[in-house]
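Residue-level listing of the chains:
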Amino acid sequence: MPKAYVFTRYGGPETEAFVDVDRPSPGPGLLLVAVRAAGVNPVDWKQRNGFRRPGEHEEPVFPVVFGNEVSGVVEGIGDGVDEFAVGDEVFGTALAGGYTEYTLVPASVAAHKPAELPHTVAATLPVAAATAYDGVRQLGLPPGATLLVTGAGGGVGAAAVQIARAVGLRVVGVASAGKKDFVESLGAVHVPSGPGWAERARATAPDGVYDLVGGRVLAEAAELLTDRSKLITAGAPEEDVRRLGGARVVRARNGAVLAEVARLVVAGDLDPHITETFPLERAGDALRTVEEGHARGKTVIEVAR
């Protein structure tokens, strides 16, 4: 039977386990995908801790398979799907987890994988890169404007810096001192995070802020703007950012955005900066790398054929 890495209840790493699962069957609008690679994101361990996305209200049915973004090969197609065929290489957002050998992907949030992209690269795009793209597009800053990105050393942050640069923005990246070289290699001006970061960033006069941290950092970032409508976050709840005059990132969640971020990668404008890959058998190690904050760029799980 296919293997999957799951959490059996809300809690910490002690809730994680490998289990045997049934090979799923694709219902209407769904693709059965043989997973070749799965991206690892902070939201994965946050969901294990009980986090739910805005609009999610139903209790999960345990065990829950980890992971949200995958790349692989279509092995089955549900009714109503016309744009994909068995054998197509695709990437997208998994319906029921990605740290597994087979998963279901809604056709509406899948895209054809360009032949130039390895599965490991394509698997990094549906969550981090697409979130970054949606946020930069939402801000709509004109070429030459300055965008400040908090959490610029992480997966979404690094993608946001590059996408913003690709559309002609000047970018200021807030990240730890240890990530200075990495942030600067992306084309951003680095501002060290930690106490006093906002005063250090004030001289850069940002026209917009893309926050990926939340909390006090979000509140301090808001003080740097004269136009709070140019404050967005993917790192804080809706009520927190609205109180400051800003907004959450509105996710498009469609294949067109995935195709566009893939195009940016192929064109050389976006590099997901994969720093570590792990086999599925070490999914826990991959998740711990991200949960403990050691990862720069993206961590990926590879699933053997």
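In case you missed it, the structure is sitting above this.
(A) Examining the packing of helix α3 (residues 125–139) against helix α9 (residues 255–267) more closely. Remark: α3 packs on α9, axes separated minimally by 9 Å, with the N-to-C direction vectors making an angle of 95°. The orientation of α3 relative to α9 falls into the category roughly perpendicular. Packed against α3, whose contacting residues are Leu125, Pro126, Ala129, Ala130, Tyr133, Asp134 and Arg137, the element α9 presents Val257, Leu258, Glu260, Val261, Ala262, Leu264 and Val265 at the interface. Residues of the contact of α3 with α9, tallied by class, amount to 11 nonpolar, no polar and 3 charged.

(B) Region of the structure containing the pattern of salt bridges. A complete count under the given rule lists 18 salt bridges for this structure. Here Arg48 ties to Glu16 by a salt bridge, and the two come within 2.8 Å at their closest N and O atoms. On the criterion of sequence distance, the pair formed by Arg48 in helix α1 (residues 42–48) and Glu16 in strand β2 (residues 16–20) is long-range, its members being 32 residues apart. Among the residues examined, Glu16 registers a relative accessible area of 11% and is labelled buried. Each of the salt bridges in this network shares a partner with another, and the network as a whole consists of Glu16, Arg48, Arg288 and Glu291.

(C) Inspection of the sheet that holds strand β9 (residues 146–150) at higher detail. Strand order in the open sheet made by the 6 strands is β11-β10-β9-β12-β13-β14, with parallel pairing throughout. Across the chains shown, the open sheet's two edge strands, defined by having one partner strand only, are β11 (189–192) and β14 (247–248). Where strand β10 (residues 170–175) and β11 come together, 4 bridges link them in parallel fashion. Residue Ala175 lies in a different strand from β11, and its bridge partner there is Pro192. This element, helix α4 (residues 155–166), spans β9, β10 and β12 (208–211) of the sheet and lies at about 170° to β9.

(D) Structural detail: the packing of aromatic side chains. Counted by the stated rule, this structure contains 6 aromatic pairs. Ring centres of Phe7 and Phe62 lie 6.0 Å apart, and the angle between their planes is 70°; this geometry places the pair in the edge-to-face category. Of this pair, Phe7 sits in strand β1 (residues 3–7) while Phe62 sits in the loop between α1 and β4 (64–65), placing them 55 residues apart in sequence. For Phe62, a relative accessible area of 32% gives the class partly exposed.

(E) Region of the structure containing the pairing of strand β3 (residues 30–40). Counting buried positions along β3 yields 11 of 11 residues, so the element is predominantly enclosed. Judged from the 8 bridges that link them, β3 and strand β5 (residues 69–77) form a sheet pairing that is antiparallel. Residue Ala38 lies in a different strand from β5, and its bridge partner there is Val70. Across 4 bridges, the pairing between β3 and strand β16 (residues 298–302) is antiparallel. Following the sheet pairing, Ala38 is matched in β16 by Ile301.

(F) A look at empty space enclosed by the protein. Within this structure, the stated rule accounts for 1 cavity of 30 Å³ or more. Here the largest cavity is characterised by a volume of approximately 60 Å³. Forming the walls of the largest cavity are Thr124, Leu125, Ala128, Ala129, Gly155, Ala158, Ala159, Leu270, Pro272 and Lys298. Of all the elements in the fold, those that place two or more residues in the lining of the largest cavity are α3 and α4. Classifying every residue of the lining of the largest cavity gives 7 nonpolar, 2 polar and 1 charged.

(G) The pairing of strand β7 (residues 102–106), seen in detail. Counting buried residues in β7 gives 4 out of 5 residues, a clear majority hidden from the surface. Bridge count for β3 against β7 is 5 bridges, and the pairing is antiparallel. Within β7, the position partnered with Leu30 by the bridge is Pro106.

(H) Spatial organisation of unusual backbone geometry. Each neighbour pair has its own omega, and for Phe62 with Pro63 the value is 0°, a cis peptide bond. By the element assignment, Pro63 lies in the loop between α1 and β4. Its identity as a non-glycine residue notwithstanding, Ala205 has a phi of 50°, on the positive side. On the secondary structure map, Ala205 appears in the loop between α6 (197–202) and β12.

Reading the values: rules and limits
- Residues numbered from 1 in each chain as written.
- Predicted model: local features only at pLDDT ≥ 70, side-chain atom pairs only at ≥ 80, totals over all residues.
- Heavy atoms only, no water.
- Axes fitted to C-alpha atoms, helices over the stretch in contact; angles between N-to-C directions.
- Helix = DSSP H or I, 4+ residues; strand = E, 2+ residues; numbered from the N terminus.
- Parallel < 35°, antiparallel > 145°, perpendicular 65-115°, else oblique.
- Contact = heavy atoms within 4.5 Å.
- Nonpolar A, V, L, I, M, F, W, Y, C, P; charged D, E, K, R; others polar.
- Salt bridge = Lys/Arg side-chain N within 4 Å of Asp/Glu carboxyl O.
- Buried < 20%, exposed > 50% of the residue type's maximum accessible area, 1.4 Å probe, protein only.
- Pairing = 2+ DSSP bridges.
- Phe/Tyr/Trp six-rings, centres within 6.5 Å; stacked < 30°, edge-to-face > 60°.
- 1 Å grid on protein atoms, 1.4 Å probe; cavity = no way out; pocket = protein on both sides within 12 Å on 5 of 7 lines; lining within 4 Å.
- Points joined across faces, edges and corners; volume = space filled by probe spheres on them.

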